[in-house]
Structures are given as C-alpha cells and as structure tokens.
Amino acid sequence: MRQLIILSFATCLTFAACQNKTAPKDNTATQNQAQAFLDQYNKEYQKYAYADNIGQWQLNTHIVEGDTMDQHNASIASAALAAFTGSAGNIDSAKKYIALKDQLTPIQLRQFNAILFLAGNNPATAGDVVKKRIDLTNDLVAKLYGYKFMMKGKEVTPNKIDEILRHSSDLNDRLAAWQSAKEVGKTLKKGLIEVRDLRNKSVAPLNYKDFFAYNASDYGMTSDEVLAQTHSMIHDVWPLYRELHTWARYTLAEKYHQPVPEYLPAHWLPNRWGQDWSELVDVKGLNIDGYLNGKGAQWIPRESEKFYMSIGFDSLPPVFWEKSSLYPVAANAGFKKNTHASAWHMDYADDIRSLQSIEPNTEWWGTCLHEFGHIYYYRSYSNPNVPIVLRNGANRGYHEAFGTMMGLASLQKPFLKGLGMIDSNATSNDTMEMLKQGLQYIVNIPWGSGTMTEFEHALYSENLPADQFNAKWWELVKKCQGIVPPADRGEEYCDAATKTHIIDDPAQYYDYSIANVLLFQFHTYIADSILHQDPHATNYWGNKDIGAFLKKVMTPGQSVDWREHMQTCIHSDMSAKPMVDYFAPLMAWLKKQNEGRKYTLPEKAPY
C-alpha cells in the first residue's frame, strides 16, 4: 500500500511539473501551483516522518536481545520515508520550482531547498543503497544500546560506568570501567566501515561530494567553510583550554598519588570520551545532589516544566507524560533502551517526547532542563506560520544552544537559591563555580570541533582506511584534547564507534560546538539586556520577558535565515568572543595556579 501511495503522489508531482512548462509566466499562477505542491508534500512528509519516528522510538526504547522485529519495523518505516523524500518526482519538481525562484515567495523557496536537502540523503537514483544504509544503521543502533557491558565478570550499566568515572579514586576500578565502555567498539567496527560507504553513496546522485559535505550544506556552507569555522573556535579557546589541561594534569596526579603525566590518561577523567571534566570540581554550597535525592527522580521533569511555565510557556501536553521514557529501565524488565538523553518531535506537531534515564542528581537536573529546551523549541515553531518541512531550528546548532543555555542557567547560584535548592545564606567559591563551567563548556570545544569533527571529516571526505580508524582517532584525541589511552589501542578496537553520534547522528557533531558559542552569545544578551544581571549569576525563573524573547527567537523555526535571525534578535554575527569574555576571570586565576608548572600542549592551537 505504501508503495502505491508513493508512486501515485510521484506521478502527480511529475504531472504538475509538466504543467509548469506551459503555465504563463505569472507570479501568482506559479506561486499557486507551487503552494499546491507544497501543501501536499508537507502533508505526506508529516505522515511518513511520524511513522519513521514511531519505528525509531520503539527501536530506541525497547531493545530485547535476539528480537529483531522492532528493527525490522523501523527499517520498513525508514525506507518508506526515504522513498518519499527521495522520489524522482519530488526531486524533479523541487529542482524545477527552484529554477523559478524569482517567481516564488521567500518561504516557498526555503521549503523547496529543504525538500531537496531531504532528498539528498535518500535519492531514488541511489537504488538499493538507501535501504541498505537504513537497515545497517538500525542494526548498529540495536547493537550499541543492546550491548551487555561487562566489568570484572559482571554486567554493568552505562550509568554505573559513568558513576565510577565521576566519583571513584581507585585507578584500577576506573581503568576497568573505561575499558568496559570501549569493548562495544569491536562489535560495531565492521558495520561502521560499511555504513560509511553507504552514506557517501547515498548522497552522490545529487552531486554532494560526500556525506560530510552533505551535512555542511544544511548551514549553507561547504566542508571547508565548516572546518574553518570549527578551527576558529578551537583557536579562540585554546589559550584557556591549555591552562585547564595543565591544571587538570597536576590536580589529578595529586588526587591519584601519581607522577604528573605529559598528557591526560583517558581513564583519569570523569567522562568516557574526555568531553566534559566538570565533575573534577565540587563547588561547595552549590552541590544539589542531596536536595534532589530527597525529592526523587520524578520531581525533576515536573519542576523543569514549572520553570518553563514560569517564564511564559504553556504546560506540556498529556501525550508527553504518557509516552515519554524518562527513567532508567528496571534491571528485571527484560529489555534495554538507549541511555543517551534526547528529545523527539514525533509528528512535527503535538506528539513530543523525551528519552532519558533520570536519576536524582545534579547532572540529570541540568540534562532534563536541556532536553526540555528542545521540547519547548518544538512547541514554539509548531504553529500555522511554519510549514512542516521547516519545523526545525534556525540551524541545527540553535537547538543545542537553547537546550544547553537552560542547563547553564539552571545551575547558577541565584537560580538555585530562588528555588530553595541551596540555602539562601549559602556561600560558594565563585572561581570554583566558573572553573566547573569552564571544564564543561571550554573543554567541549576541542572535543567537538576537533576530535569528532576531524575524525568524521577524515572518515567521509578522505575515505579513511579501515585499518587506521583507531590510530586516527587517538592521534586526534592527543592532538586536540591532550588525552592519551591508558594502554595501546590496536585496530581490533574502534573507540570512535562507542560514541553514539558516530553511529546514529553522523557527520554533524560540530553542531554542539556551534551551540556552545551561540549559547554564550544569547545568555550574555539575556543577562545584559533583559535581566541586567551579571552573566555569571543570573536567575531566569519567573521572568516573562525572557520567555517572550525566546519565543521571538524560536517561533520562526527554519523559515528564516539563521544569520539574519541572529542579527534581528541579538544584533550580532556568530562569535566565540562572548564565551571567551565570560571566562576571562578564570583565565587570570588559572595562570596564577599554573605558575612554574610544565605545559605540554603547544602555545599555538592545532588548527
């Protein structure tokens, strides 16, 4: 039945395209024809995308070892969506209307460009390549999240691995946990090799050089322009990152009673990939683990909703609470789920959900508010003025920026005091608080803009040989992050593949770096122009002007040019300067701490 619908719609599109050849050169007539096509496309796209998201949701939330039915169903739905978006009729009609761009309205032209971008990953002319790619990706997702992690002969959950790396001072336990987290890469390597080739082949028919270039085009940028942008971010934060790296080497050597290493051993750090070091600092007076533990896990999402309502957003619809998967799967449940927090816009309308594994601790408090930032972004642009195909962030980084900004704001002292989460008279070391933030946001730039982006560029654009995957990975980890593995990691491993984005959200990890830069621009604007507060000590709770500003930014979705939208909203181009300025006091403090210490990272940034 699906195939008949697709073929029938494609036939109609081809007929409409043929009709355009004889249509009078009248803007109104062309716009009316274009709108008829777009209305039908958006309706059909919503239907197929919803079915695909339902399949992916089931695949990510109910993983049963040996049961491939969910994987099979997800593949069918993904193939149907791919067949629709990549149909020859859609591609031909979009191209023909784009050729008439001077006769279209701006929002019509944006929709046709979006349609062509969606087709670029699924063109019918790629033959069975697209289906193979979809099937293999779903298989890899199931293997990654259905994997049985083992530590010292016993099964261990990803949350437990993270807990050990965050808190344990026993280097043997830390090493065992870190090694356990990397074993899944062996299972995924063969599939990554194959899916890389399929992804590149999928985009070739519409003249994209490779899969990395395809994703870069969504920003209106080439691969080289994306790399130039990410390199500039690393360059801007490198002096501060170098100070943080030196501080961490000496601090951790003292903690573990070891000689100061030249580079940071990976298992010394509180994160499996070294992307966030914030757990190295416990800010006295601001630790809310005890408070949250007393409230329980279910309190966190409900309080997160109250926060967004306090600044002027509506309550979440019942479907969110009914269908989200917010808490860890019980040990005896008989199934597993994806443990990476995410927000889902199932039908590009009212069905919104979140996938989390919330536990009552500080990390999940910030994470939940982050994911709710995505949820409320979805809600904001799900309005009649934004067509279905443009219901997305102004660019991909915008989504992460607003989610992460809320995570930042939710852990600032005035915010926590206002909620009674810390004592109103509590004092804390502001320098340590800023250090904790720097260990999160600054540390993330060389990881996201460096290691991840450079690896995926090498993977897709340079066709990195399979027998060099792990060597390249650790070359970049050392070069960009100053981190080394605890022991040699041969090519039997595939440590890159242990990061979920390599498998199921590929070749666009620089979105997070762009988001970190944007979040400090928007946060600084809110602090200076709305709250009139120090950006280091804000309280968003209850301020309706912040909500009004965020709605202004969020409501247009992708119906506007992201660069122009930034100028309209905050009167600035994208720049890392507000981030660097925010951490200027930390830079001065670190230089004093590191006096007389040996620096092992070069003064000059690697790019």
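As the structure is a prediction and not an experimental result, all values here were calculated from the model.

### As for the overall build of the protein
Along the protein, the regular secondary structure elements total 25 helices and six strands. Its C-alpha atoms give the protein a radius of gyration of 24 Å, near enough to 25 Å, the size a compact globule of 607 residues would have. Within the protein, counting contacts between residues at least 6 apart in sequence, those at least 24 apart form 79% of the total. Accessible surface, the protein: about 24,400 Å² in total, of which carbon and sulfur atoms supply 51%.

### Observations concerning the nonpolar core
Judged by nonpolar contacts, the single largest core of 184 residues is most densely connected at Phe-112, Trp-365, Tyr-398, Leu-550 and Phe-583. Ranked by the residues each element gives to this core, the list is headed by helix α11 (residues 223-256), at 14 residues.

### Some thoughts on the pattern of salt bridges
Applying the stated rule across the entire model yields 26 salt bridges. Taking the shortest distance from any N to any O, the salt bridge between Glu-305 and Arg-302 comes out at 4.0 Å. In this pair, Glu-305 and Arg-302 both sit in helix α13 (residues 299-310), three residues apart, roughly one turn of the helix. The salt bridge involving Asp-430 is made with Lys-413; its shortest N-O contact spans 3.0 Å. Residue Asp-430 is located in helix α18 (residues 430-460), and its partner Lys-413 is located in helix α17 (residues 413-418); the two are separated by 17 residues in the primary sequence.

### Some points on the packing of aromatic side chains
Tallied over the entire structure, the rule returns 50 aromatic pairs. Judged by centre distance (4.7 Å) and plane angle (20°), the rings of Tyr-308 and Tyr-376 are stacked. Of the two residues, Tyr-308 sits in helix α13 while Tyr-376 sits in helix α15 (residues 362-381), which places them 68 residues apart along the sequence. Of the two residues, Tyr-308 and Tyr-376, neither departs from the other in class, the shared state being buried. Here Tyr-398 and Phe-522 contribute two aromatic rings whose centre-to-centre distance is 5.9 Å and whose plane-to-plane angle is 65°, an arrangement assigned as edge-to-face. With Tyr-398 in helix α16 (residues 396-409) and Phe-522 in helix α21 (residues 510-531), this residue pair connects regions lying 124 residues apart in the sequence. Judged by relative accessible area, Tyr-398 falls into the buried class, the value being 1%.

### Some remarks on the pairing of strand β4 (residues 342-345)
Side chains of β4 alternate between two faces, with Ser-342 and Trp-344 and Ala-343 and His-345 buried alike. Here β4 pairs with strand β5 (residues 352-355) via four bridges, running antiparallel. Looking at the pairing, Trp-344 lines up with Arg-353 of β5. Remark: six residues form the turn of the hairpin made by β4 and β5, two consecutive strands paired antiparallel; Tyr-348 in that turn has positive phi of roughly 60°.

### Observations regarding the packing of α18 against helix α25 (residues 584-593)
Between α18 and α25, whose axes approach to 10 Å, the crossing angle comes to 100°. The angle between α18 and α25 places the two elements in the roughly perpendicular class. Only Pro-585, Leu-586, Trp-589 and Leu-590 of α25 make contact with α18, whose side of the interface consists of Thr-431, Met-432, Met-434, Leu-435 and Gly-438. Here the contact of α18 with α25 is composed, by residue class, of seven nonpolar, two polar and no charged.

### Things to note about helix α22 (residues 544-554)
Those residues of α22 that fall on the buried side of the exposure criterion are Ile-546, Gly-547, Phe-549, Leu-550, Val-553 and Met-554. Buried residues of α22, seen end-on, are gathered within an arc of 165° and therefore sit on one face of the element. Tucked into the core, α22 has its buried residues touching α15, α16, α21 and α23 (562-570). The N-terminus of α22 is capped by Asn-543, whose side-chain oxygen sits 3.0 Å from the backbone nitrogen of Asp-545.

### Quick look at the side chain of Glu-454
Within the secondary structure, Glu-454 sits in helix α18. An unpaired buried charge is present at Glu-454: no salt bridge exists, and Lys-479, the closest side chain of opposite charge, is 6.5 Å distant. Those residues in contact with Glu-454, other than ones at most four positions away along the chain, are Leu-227, His-231, Ser-449, Leu-476 and Tyr-607.

### As for the confidence of the model for the protein
Summing up the model confidence of the protein, the mean pLDDT is 93 and the portion of residues at 70 or higher is 96%. Note on residues 1-24: pLDDT is under 50 here. Beyond four places in sequence and across chains, it has 30 contacts.

### A short note on the environment of Lys-182
Tracing the sequence through the fold places Lys-182 in helix α8 (residues 171-182). Note: C-alpha distance between Lys-182 and Asp-495 (313 residues apart in sequence) is 5.9 Å. Setting aside its immediate chain neighbours within four residues, Lys-182 contacts Arg-272, Trp-273, Arg-489, Asp-495 and Thr-498.

### Observations concerning the side chain of Arg-174
The residue Arg-174 is located in helix α8 in this model. An unpaired buried charge is present at Arg-174: no salt bridge exists, and Asp-170, the closest side chain of opposite charge, is 8.4 Å distant. When near neighbours in sequence (up to four residues on either side) are disregarded, Arg-174 contacts Ile-164, Leu-165, Ser-168, Tyr-256, His-267, Trp-268, Leu-269 and Pro-270.

### Focus: unusual backbone geometry
For residues that are not glycine, phi is negative in most cases, and the peptide bond is trans in most cases. With a phi angle near 55°, Lys-152 is a residue other than glycine that sits in the positive phi range. Topologically, Lys-152 is positioned in the loop between β1 (150-151) and β2 (154-155). Of note, the phi angle at His-532 is positive, near 55°, even though the residue is not glycine. One can find His-532 in the loop between α21 and α22.

### Section: the environment of Ile-388
Among the secondary structure elements, Ile-388 is positioned in the loop between α15 and α16. Apart from the residues within four sequence positions on either side, Ile-388 is in contact with Asn-42, Tyr-45, Gln-46 and Tyr-348.

### Concerning the packing of helix α2 (residues 27-61) against helix α4 (residues 88-99)
At a minimum axis distance of 12 Å, the contact between α2 and α4 shows a crossing angle of 150°. Note that α2 runs across α4; the crossing there is left-handed. Across the interface between the two elements, Thr-30, Gln-33, Ala-34, Phe-37 and Tyr-41 from α2 touch Asn-90, Ser-93 and Tyr-97 from α4. A breakdown of the residues in the contact of α2 with α4 according to their chemical character gives four nonpolar, four polar and no charged.

Criteria and thresholds
- Residues numbered from 1 in each chain as written.
- Predicted model: local features only at pLDDT ≥ 70, side-chain atom pairs only at ≥ 80, totals over all residues.
- Heavy atoms only, no water.
- Helix = DSSP H or I, 4+ residues; strand = E, 2+ residues; numbered from the N terminus.
- Rg over C-alpha atoms; globule rule 2.2 N^0.38 Å.
- Contact = heavy atoms within 4.5 Å.
- Areas by Shrake-Rupley, 256 points an atom, 1.4 Å probe, with all protein chains shown as cover.
- Core = buried A, V, L, I, M, F, W, Y, C linked by side-chain atoms within 4.5 Å.
- Buried < 20%, exposed > 50% of the residue type's maximum accessible area, 1.4 Å probe, protein only.
- Salt bridge = Lys/Arg side-chain N within 4 Å of Asp/Glu carboxyl O.
- Phe/Tyr/Trp six-rings, centres within 6.5 Å; stacked < 30°, edge-to-face > 60°.
- Pairing = 2+ DSSP bridges.
- Axes fitted to C-alpha atoms, helices over the stretch in contact; angles between N-to-C directions.
- Parallel < 35°, antiparallel > 145°, perpendicular 65-115°, else oblique.
- Nonpolar A, V, L, I, M, F, W, Y, C, P; charged D, E, K, R; others polar.
- Arc of directions from axis to C-beta.
- Polar contact = N/O pair within 3.5 Å; in protein donor to acceptor, adjacent residues only side chain to side chain.
- Lys, Arg positive; Asp, Glu negative; His and termini not counted.
- pLDDT = per-residue confidence, 0-100.
- Left-handed = near helix turned anticlockwise from the far one by under 90°.

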